[in-house]
Every structure is written in C-alpha cells, then in structure tokens.
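# Reading the structure
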Amino acid sequence: MRRFNLSEWALANRPLVFYMMLVLALVGAWSYTRLGQSEDPPFTFRAMVIRTVWPGASADEVAREVTDRIEKEVMETGRYERVVSYSRPGVSMVIVFSREYLMTRDLPQLWYDIRKKVGDIRGTLPEGTVGPFFDDEFGDTYGNIYALSGDNYDYATLKNYAERIELKLRRVPNVAKIEFIGLQDEKIWIDLANAKLATLGVPLPAVQQALREQNAVSPAGFFETTGERVRVRVTGGFSSVQEIRDFPIRVGDRTFRLGDIAEVRRGYDDPAAPRMRFMSQDAVGIAVSMKPNGDILKLGDALDAEVARIQKHLPVGMTLDRVADQPQAVRDSIGEFVRALAEAVAIVLLVSFFSLGVRTGLVVAVSIPLVLAMTFAVMHYFNIGLHKISLGALV
C-alpha cells in the first residue's frame, strides 16, 4: 500500500495549500492583536495568612487560646503541605501552604473551606480578640500608580478626593483592583494628664465610661402607626471636636468640662502609618491593577484619558501625577521583541539564500512567518498573554 506523501499532496493541490497558508497568516495576525499583554505572567501563591489580634494577652496565652485552635481547624482540611505559626504578645499568625498537586483553579475552594472552618470557631475565641483576618491575595501587581498631592491639603481632604477618583477609575475597562498607598487614618485624640486628674480627684475609668456611654449606639425602641413602624433614635452623639471638649464629666458632686482636664484635638495615626512622598510633598497613592489576561497597553491608554479628564476637575493646587507606568515598560519590551524578531528572521533568510539557494531559501522564508502565525494562534486559543518571559522564549 502506498504511503501518504505530504509534499506530493501539497504540489498536487497548490490552490488549497496557498489558501490555507493565507488563512493561517491572517489568523495569526489577528491573534497577535488580541493577545493579552503585561510585564510579568500571572503567578499563583500557594499560601494563606491568618492573623488574629488579642490585645493584652501574653505569647503563651495567644498560643494556647488562639493559635492552637486555628491550627486544628486548618488541619482538618487535609490539603495543606505545612502549617507555620507564630505567637507574639497580643498577635497570632498562622500561615497555611497548600499541597503542590493542587491546581490553581482548586485553590479558591481550599481558601474558602479554611475561612469557613476558622469562622465557625470565631465565637469560641477569648473575649476581646479581633479577627481572624485572612489574606491570600499576594499575586496582585499594580502596574499603574498615581500620586494625589497638593499644597495646603491635609490627608482628610486628599482621601476625600482619592475616593472620588477611585469611583471614576473603576469604570475604566480592564481595571481589577484599586488600592490607596500612604493613607493616614483620621482620629480624635484625647490627651489626659495624670497629674491634673489626681489633683482634681477625677479617676480615669470614670472619664472613659462617660465617653463610651455618651457616644454609644443602641436601640431605643419604636412605635407603631397605621402605615409603618417608626424607630426611635436617641440623639446626643458627638458630631464635632468642640462638642467633645464641652462634654461634662461628673465626679461626685462636681462637674468638669472634658476640655478643662484634657487636650482634645483632631489628628492622624501616631506613630504614623507608612507614608508616600511625591516631589517633597505628602501624597496619597492610587494603585491600579489589571484584570487577568488583559491588555496593559489598552488599559494604559484608557487610564491616561480618564486621568486627563479627572485632572480638569481637581481643585486649584491639587495634582494627580503618574508614578509608575507599566504600559510604557511593556511597550518598550514589545518594540524590542519586534526588532529582535525582525533581525533574527533577516539573518536566517540571508543564511538560507546563500547556503541553500534561492528556491529552498524561499521555502524557509515562507515557513518562518507561518510558524509564528501558528504560535500566536495557539497562544490566543489557550489565552496566553505576551510577557517578558514569553517574548524572550519566542525570540
């Protein structure tokens, strides 16, 4: 029986072969324009951190009452490689590593099971514990970072505008997550002098209890009408710093203003949280990440257009500047890839023409673009994006 000869079949069906080559070239070119592009390929972290805070407890108490209980619940899943825990005064930290054989698509279910099991024992943890808090999002990269800054604008004002900007940026296609950097939480500080409290005979617990009861939010009942139920809300909560200063503290038969025995002021975290500085000014960073398999170049163009519109509506003296520009880095990498690819193809063709002759060199000249077209088509089919690693492999 005569065996099938591909070369003979191709020579006998030249129109069909030319048509298939043209279709493959067009599909490859179309796939190249649809490939996702980013600086680095996605990477799966097989770890989850469970952090619990128990203020005032010793390391031994944290280990016995919190860490050991969480470890037992985590081990019941049976899909862990190892569990590492740390117990410090007031803080428990448990790190869970998944098994290597688990596929990336199976990890969300494992993290959900751990959250559910640990959440079931939340009510049995000692009174005063805060958490547990779960963190399994270590692979997020923020390729576009902007700095919001301005003269004579405090963190509260910058945060207000940063939250407005966040809402606008979330409407940009391919935006996944937005995170603030260098933000300082605003607080009301009440500085009590122990010497003054002792002189006036005012105990510190009495001041704390009075403030707690005055600003407490609790149900106050309701009354029924013919059409609806109206809830009753007790007023008296603090709405300004001056109201806190004027708050009366009664001890025995004497009454003091809180402002007479303490300094009440509005401020920020002390010690301060990690800050961001841009051009010698305090700033709030706005970091933007891209959805998986997105196109960072299209995202960069869309963000530039949106930031230009946002900049027009900011108050005088406030600016939104770009700090990190991953689209430009990817654009440079792709340009370098295209240049290196063209040089490689030219060198191969020259060597082929000189060593193999014109006709054989033409076969090589046609086969190289077809192989690249097939490669891009396969990458598009399997949803593989262009990254520095893949570009280096292609070159």
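Coordinates for the structure precede this section.
The following refers to the structure shown. (Residues numbered from 1 in each chain as written. Predicted model: local features only at pLDDT ≥ 70, side-chain atom pairs only at ≥ 80, totals over all residues. Heavy atoms only, no water.)

As a further point, take the overall build of the protein chain. Each helix and strand counted, the protein chain has 13 helices and 15 strands in total. Counting every position in the protein chain, which comprises 395 residues, the buried fraction comes to 33%. Long-range pairs, those at least 24 residues apart, make up 73% of the contacts in the protein chain between residues at least 6 apart in sequence. Of the accessible surface of the protein chain, which amounts to about 24,700 Å², a share of 57% is contributed by carbon and sulfur atoms. (Helix = DSSP H or I, 4+ residues; strand = E, 2+ residues; numbered from the N terminus. Buried < 20%, exposed > 50% of the residue type's maximum accessible area, 1.4 Å probe, protein only. Contact = heavy atoms within 4.5 Å. Areas by Shrake-Rupley, 256 points an atom, 1.4 Å probe, with all protein chains shown as cover.)

The principal kink in helix α3 (residues 59-75), of about 35°, is found at threonine 67. Tucked inside the fold, the buried residues of α3 contact β1 (47-53), β2 (80-88), β3 (91-98), α4 (107-120) and β4 (130-135). (Bend = angle between axes of the 7 residues up to and from the residue.)

All right, on to the packing of helix α10 (residues 296-312) against helix α11 (residues 326-356) then. The interhelical angle for the contact between α10 and α11, taken along N-to-C directions, is 140°, at an axis separation of 9 Å. Classified by the angle their axes make, α10 and α11 are oblique. Considering only the axes of α10 and α11, their crossing is left-handed. Contacts between α10 and α11 involve Ile296, Leu297, Gly300 and Asp301 from the former and Gln326, Pro327, Val330, Arg331 and Ile334 from the latter. Across the contact of α10 with α11, the residue classes break down as 5 nonpolar, 2 polar and 2 charged. (Axes fitted to C-alpha atoms, helices over the stretch in contact; angles between N-to-C directions. Parallel < 35°, antiparallel > 145°, perpendicular 65-115°, else oblique. Left-handed = near helix turned anticlockwise from the far one by under 90°. Nonpolar A, V, L, I, M, F, W, Y, C, P; charged D, E, K, R; others polar.)

For asparagine 152, which is not glycine, the phi dihedral falls at a positive 65°. Of note, asparagine 152 is situated in the loop between β5 (142-150) and α5 (155-169). Located in the positive-phi region is serine 280, a residue other than glycine, with phi close to 65°. Relative to the helices and strands, serine 280 is located in the loop between β13 (276-278) and β14 (281-290).

On to the environment of alanine 206. Relative to the elements of secondary structure, alanine 206 occurs in helix α7 (residues 204-214). Between the C-alpha atoms of alanine 206 and isoleucine 249, which are 43 residues apart in sequence, the distance is 8.1 Å.

The next thing to look at is the environment of methionine 318. Summarising the element assignment, methionine 318 is placed in strand β15 (residues 318-325). A residue is classified by how much of its surface remains accessible, and methionine 318, at 2% relative accessible area, is buried. Along the backbone, methionine 318 and glycine 150 are 168 residues apart, and their C-alpha atoms lie at a distance of 4.1 Å. In this view, methionine 318 contacts Leu148, Ser149, Gly150, Tyr153, Thr157, Leu158, Tyr161 and Gln311; residues no more than four positions away in its chain are not counted.

Okay, the environment of alanine 283 next. If you trace the backbone, alanine 283 turns up in strand β14. On a C-alpha basis, the gap between alanine 283 and aspartate 154 in space is 9.2 Å, while along the polypeptide they are 129 residues apart. Every residue in contact with alanine 283, bar those within four places of it in the chain, is listed here: Ala147, Leu148, Ser149, Tyr155, Ile181, Gly182, Met276 and Phe278.

For the rest of this paragraph, the subject is the nonpolar core. Judged by nonpolar contacts, the single largest core of 27 residues is most densely connected at Leu148, Ile165, Leu169, Leu303, Leu314 and Leu320. Elements with a contribution of two residues or more to this core: β5, α5, β6 (175-181), β14, α10, β15 and α11. By size, the runner-up hydrophobic cluster in this structure holds 18 residues, among which are Ile50, Val66, Ile70 and Ile121. (Core = buried A, V, L, I, M, F, W, Y, C linked by side-chain atoms within 4.5 Å.)

What follows deals with the sheet that holds β3. Read across the open sheet, the 4 strands follow the order β2-β3-β1-β4; overall the sheet is antiparallel. What marks the edges here is a single partner per strand, and that holds for β2 and β4. Ignoring strand direction, the axes of neighbouring strands in this sheet form an average angle of 15°. Pairing geometry for β1 and β4, over 4 bridges, is antiparallel. Directly across from arginine 51, in β4, lies its bridge partner phenylalanine 133. Those strands touched by α3 are β1, β2, β3 and β4, and its axis lies near 165° from that of β2. (Pairing = 2+ DSSP bridges.)

According to the stated counting rule, one finds 11 salt bridges in the structure shown. Note that lysine 117 and glutamate 76 form a salt bridge whose closest N and O atoms lie 3.5 Å from each other. Within this pair, whereas lysine 117 is found in helix α4, its partner glutamate 76 is found in the loop between α3 and β2, the two being separated by 41 residues in sequence. Looking at lysine 117, the relative accessible area reads 23%, which means it is partly exposed. For glutamate 166, the salt bridge is made with arginine 170, and the minimal N-O distance between the two is 2.9 Å. Looking at glutamate 166, the relative accessible area reads 16%, which means it is buried. (Salt bridge = Lys/Arg side-chain N within 4 Å of Asp/Glu carboxyl O.)

Bringing α11 into the picture now. Taking 1.5 Å as the rise per residue, α11 with 31 residues should run 45 Å; its terminal C-alpha atoms sit 44 Å apart, in good agreement. Listing the buried residues of α11 in full gives Gln326, Pro327, Val330, Ser333, Ile334, Phe337, Leu341, Leu349 and Ser352. (Expected span 1.5 Å × (residues − 1).)

A separate point is the side chain of serine 289. The topology assignment puts serine 289 in strand β14. For serine 289, a relative accessible area of 4% gives the class buried. Beyond its immediate sequence surroundings of up to four residues, serine 289 is in contact with Thr141, Tyr142, Asn174, Val175, Ala176 and Lys177.

What follows concerns the packing of α3 against α4. Where α3 meets α4, the closest approach of the two axes is 9 Å, and the angle between their N-to-C directions is 140°. Here α3 lies oblique to α4, going by the angle between them. Classified by chirality, the crossing of α4 by α3 is right-handed. Contacts between α3 and α4 involve Ile70, Glu73 and Val74 from the former and Ile114, Lys117 and Val118 from the latter. Residue classes in the contact of α3 with α4 are distributed as 4 nonpolar, no polar and 2 charged.

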